[in-house]
Amino acid sequence: MKRLAFVAALGLSSLAMTAQAADYPQGTIDLVVPFDPGGSVDTTSRIIAETANTLLDGAEITVVNRSGGGGVVGQTSVAKSAPDGYTVLAMTSSVVTNPQMKGAGYAVTDFRPVALYNLDPEVIAVPAASPFQTAEEFMAAATKEPLNIVVAGVGTSHHMSGLAIERVSEATFNYIPTKGFGAQVQAVVGGHADGALWPLGEATAQAANGGVRILAIASEERDANFPDVPTFQEAGIDIPIWATFRGWAVPAGTSDEVVKALSDLMKSVYETPAYVEKMQAAGYSPTFRDAEGFKFVVDSYADQTSVIIEEAGRGK
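Residues numbered from 1 in each chain as written. Predicted model: local features only at pLDDT ≥ 70, side-chain atom pairs only at ≥ 80, totals over all residues. Heavy atoms only, no water.

## Re the packing of helix 2 (residues 40-55) against helix 10 (residues 273-281)
Stage number 1. Axis separation between helix 2 and helix 10 bottoms out at 10 Å; the angle between their running directions is 165 degrees. As far as their axial angle goes, helix 10 and helix 2 are roughly antiparallel. Considering how the two elements wind past one another, helix 2 and helix 10 form a crossing that is right-handed. Residues Thr 44, Ile 47, Ile 48, Glu 50 and Thr 51 of helix 2 form the contact with helix 10, whose participating residues are Tyr 275, Lys 278 and Met 279.
Stage number 2. Partitioned by chemical class, the residues of the contact of helix 2 with helix 10 number four nonpolar, two polar and two charged. (Axes fitted to C-alpha atoms, helices over the stretch in contact; angles between N-to-C directions. Helix = DSSP H or I, 4+ residues; strand = E, 2+ residues; numbered from the N terminus. Parallel < 35°, antiparallel > 145°, perpendicular 65-115°, else oblique. Left-handed = near helix turned anticlockwise from the far one by under 90°. Contact = heavy atoms within 4.5 Å. Nonpolar A, V, L, I, M, F, W, Y, C, P; charged D, E, K, R; others polar.)

Following this line, the structure appears as structure tokens:
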């Protein structure tokens, strides 16, 4: 009897979830940004929410900043939230590395990738007044003594990119985790650090303002907006591509129907010309990959970084 009751309960629960998925979305969807306002994840999330809210009927996306621990606080809150589609994570590569490097109380498998909206290659940026005019000069100096490099936090993709550079060269860095992008800019522009490892989207505005100089971009081809800036490989750094990914994820256990609804919403956002214009104006190249495509990116990054973390002895 107990087994029959348990099976019946499971059946009712499944029916309830199916009905809930069919009615989805209604009400407020919290899009959790696990970082401070003003950075790339926050900026792009607000552009997406603004466009998505013009497409939704009976629902609204609200951006919620839950910063702390290099993303751990916000990421943990989403991992532990109900898998009903009403709490969505603005997912970055730190979800992959935080469990291994910071002992975060979740695994990357505690999330379901929904859709990818941006791939942003890493850059080496230095103060405008830096003595390093080229990436080659920068790397040569880093082989003689460690250079002080500003990163968003230990375990972020930017920190990992530095470890990747160290792995394929004789360069060494002192990493300076700085809370908030504004503080990072102050440190670099003010000459308090030798340089920074940033995504191109954030570095573009600072380069346009004349505060920094971009020495190299970790992409397979030169960027059209910076035709004179070499790729990492052209600068002698054997890394074909290293890009920050940004997308949406939901707690594991979220239904296929809800994941598809959110993925379809992101696709509709991507197909909205006003969204593309706003993203490009902010320095970001919009893209779209569905849940399966995003999962491939996440899994590939996890495979690469797990080796780097282990070799660097930075796992917990």
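## A short note on the pattern of salt bridges
Here the idea is simple: oppositely charged side chains can pair when their charged atoms come close.
Stage number 1. Summed over the entire model, instances satisfying the criterion amount to eight salt bridges.
Stage number 2. The shortest N-O distance in the salt bridge between Arg 112 and Asp 256 comes to 2.9 Å. Placement of Arg 112 in strand 4 (residues 111-127) and of Asp 256 in helix 9 (residues 256-270) is noted, with a sequence separation of 144 residues between them. (Salt bridge = Lys/Arg side-chain N within 4 Å of Asp/Glu carboxyl O.)

## Considering the environment of Lys 144
Stage number 1. When you line up the elements, Lys 144 lands in helix 5 (residues 135-144).
Stage number 2. The exposure class of Lys 144 is exposed, given its relative accessible area of 75%.
Stage number 3. Here the alpha-carbon distance between Lys 144 and Thr 172, two residues 28 residues apart in the chain, equals 8.4 Å. (Buried < 20%, exposed > 50% of the residue type's maximum accessible area, 1.4 Å probe, protein only.)

## Some thoughts on the packing of helix 6 (residues 157-168) against helix 11 (residues 291-312)
Stage number 1. Running from N to C, helix 6 and helix 11 point in directions that differ by 65 degrees, and their axes come no closer than 10 Å. Comparing their axes, helix 11 and helix 6 come out roughly perpendicular. Helix-helix and strand crossings are classified by hand; for helix 6 and helix 11 the assignment is left-handed. Contacts between helix 6 and helix 11 pair Ser 157, Met 160, Leu 163, Ala 164 and Arg 167 from the former with Tyr 301, Thr 305, Val 307, Ile 308, Ile 309, Glu 311 and Ala 312 from the latter.

## Structural notes on the nonpolar core
General note: in soluble globular proteins, nonpolar side chains tend to be found buried as a group.
Stage number 1. If you look at the biggest cluster of nonpolar residues, it comprises 47 residues, and the most contacted ones within it are Phe 138, Ile 165 and Phe 173.
Stage number 2. In terms of residue count, the dominant contributor to this core is helix 11 (six residues).
Stage number 3. Filtering out sequence-adjacent residues up to four positions away, Ile 165 remains in contact with Ile 124, Met 139, Phe 173, Leu 197, Phe 232, Ile 237 and Ile 239.
Stage number 4. Among the nonpolar cores identified, the runner-up in size contains 31 residues, and Ala 49, Ala 59, Tyr 86 and Phe 288 belong to it. (Core = buried A, V, L, I, M, F, W, Y, C linked by side-chain atoms within 4.5 Å.)

## Notes on the packing of aromatic side chains
Each aromatic ring pair is summarised here by two numbers: the centre-to-centre distance and the angle between the ring planes.
Stage number 1. According to the stated counting rule, one finds ten aromatic pairs in the structure shown.
Stage number 2. Plain terms: the ring middles of Phe 138 and Phe 173 are 6.1 Å apart, the flat faces sit at 35 degrees to each other, and that makes the pair tilted. Of the two residues, Phe 138 sits in helix 5 while Phe 173 sits in strand 6 (residues 173-177), which places them 35 residues apart along the sequence. With respect to burial, Phe 138 and Phe 173 carry one shared label: buried.
Stage number 3. Among the aromatic side chains, those forming a connected cluster through ring pairs are Phe 132, Phe 138, Phe 173 and Tyr 175. (Phe/Tyr/Trp six-rings, centres within 6.5 Å; stacked < 30°, edge-to-face > 60°.)

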